[in-house]
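Single-letter residue listing:
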Amino acid sequence: MDAVVQWVRTEWTKSSRGGPEAVRRNAAPIAFPLPPGLASSMHEVVMREADSFEPHAAVRELSDAGVALREEDGGLLRIGPPQVSMFSMPRRHRRPPAVRLAPGEWLRWQINHRFVGLCGGEWFYRLDTLNVAYGPATPDVFLGSPTRRVDERAHLR
């Protein structure tokens, strides 16, 4: 399958919900240049409040993407909704349908979550941005405007 996935995950606590820390969090990118020569893989970038939102990147197998990718007859790539933890809030009982991309197109799918920590019950938050390109991808493919966009971001208390 000739697809490239980039997962960008930003994680924070209530300390970054307002004031100067929120400004830093909101300045965190939702896309990064791909490593040179990346093909049929997942580029994962994680930024955490505890690390001052510094990006930490890794390249993983495409099968580790946490999203259903399938090539369909007619030359389209079908992208199912990203997996959501059963422990995240708000509950999403109705998810958007799968998106289909033609070669040369790319998708940006955003979804946010609130979680309750296991130790002490403190809430923490996460914004996931899934960027998917179908076909050969240049390193800067995700730095422009996507062909398709799905926004599942919700108000998080």
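Refer to the preceding data block for the structure.
In this report, the structure presented in the accompanying data block is examined. (Residues numbered from 1 in each chain as written. Predicted model: local features only at pLDDT ≥ 70, side-chain atom pairs only at ≥ 80, totals over all residues. Heavy atoms only, no water.)

**Observations regarding the side chain of Arg126**
Inference 1: With respect to the element layout, Arg126 can be found in strand β8 (residues 123-134).
Inference 2: With relative accessibility at 18%, the residue Arg126 sits in the buried group.
Inference 3: A distance of 2.8 Å separates the side chain of Arg126 from the side chain of Asp128, its partner in a polar contact.
Inference 4: Setting aside its immediate chain neighbours within four residues, Arg126 contacts Arg9, Thr10, Glu11, Trp12, Ile111, Asn112, His113 and Phe115. (Helix = DSSP H or I, 4+ residues; strand = E, 2+ residues; numbered from the N terminus. Buried < 20%, exposed > 50% of the residue type's maximum accessible area, 1.4 Å probe, protein only. Polar contact = N/O pair within 3.5 Å; in protein donor to acceptor, adjacent residues only side chain to side chain. Contact = heavy atoms within 4.5 Å.)

**A look at the side chain of Arg108**
Inference 1: If you trace the backbone, Arg108 turns up in strand β7 (residues 106-116).
Inference 2: We note that Arg108 is buried and unpaired, the nearest opposite charge coming from Asp151 at a distance of 10 Å.
Inference 3: Among the polar contacts made by the side chain of Arg108, one reaches the side chain of Asn131 at a distance of 2.9 Å.
Inference 4: Only 3.0 Å separates the side chain of Arg108 from the backbone oxygen of Phe142, close enough to count as a polar contact. (Lys, Arg positive; Asp, Glu negative; His and termini not counted. Salt bridge = Lys/Arg side-chain N within 4 Å of Asp/Glu carboxyl O.)

**Regarding the nonpolar core**
Inference 1: Among the nonpolar cores identified, the biggest contains 18 residues, and Val5, Leu69, Leu77, Ile79, Leu107, Leu130 and Val132 are the most heavily contacted of them.
Inference 2: Of all the secondary-structure elements, those providing two or more residues to this core are β1 (3-13), β5 (76-79), β6 (99-101), β7 and β8.
Inference 3: One finds Ala28, Phe32, Leu127 and Leu156 within the second-largest nonpolar core, a separate group that totals 10 residues. (Core = buried A, V, L, I, M, F, W, Y, C linked by side-chain atoms within 4.5 Å.)

**A few points about the pairing of β7**
Inference 1: Along β7, 10 of the 11 residues are buried, which leaves the element largely enclosed by surrounding structure.
Inference 2: Where β7 meets β8, 11 bridges bridge the pair, whose relative direction is antiparallel. Its bridge partner lying in β8, Trp109 is registered against Leu130. (Pairing = 2+ DSSP bridges.)

**Some details on the pairing of strand β4 (residues 69-72)**
Inference 1: The sheet contact formed by β4 and β5 spans 4 bridges and is antiparallel. Pairing of Glu72 across the sheet is with Leu76, part of β5.
Inference 2: Once β4 ends, the chain turns through 3 residues before running back antiparallel as β5, passing Gly74 with a positive phi of about 95 degrees.

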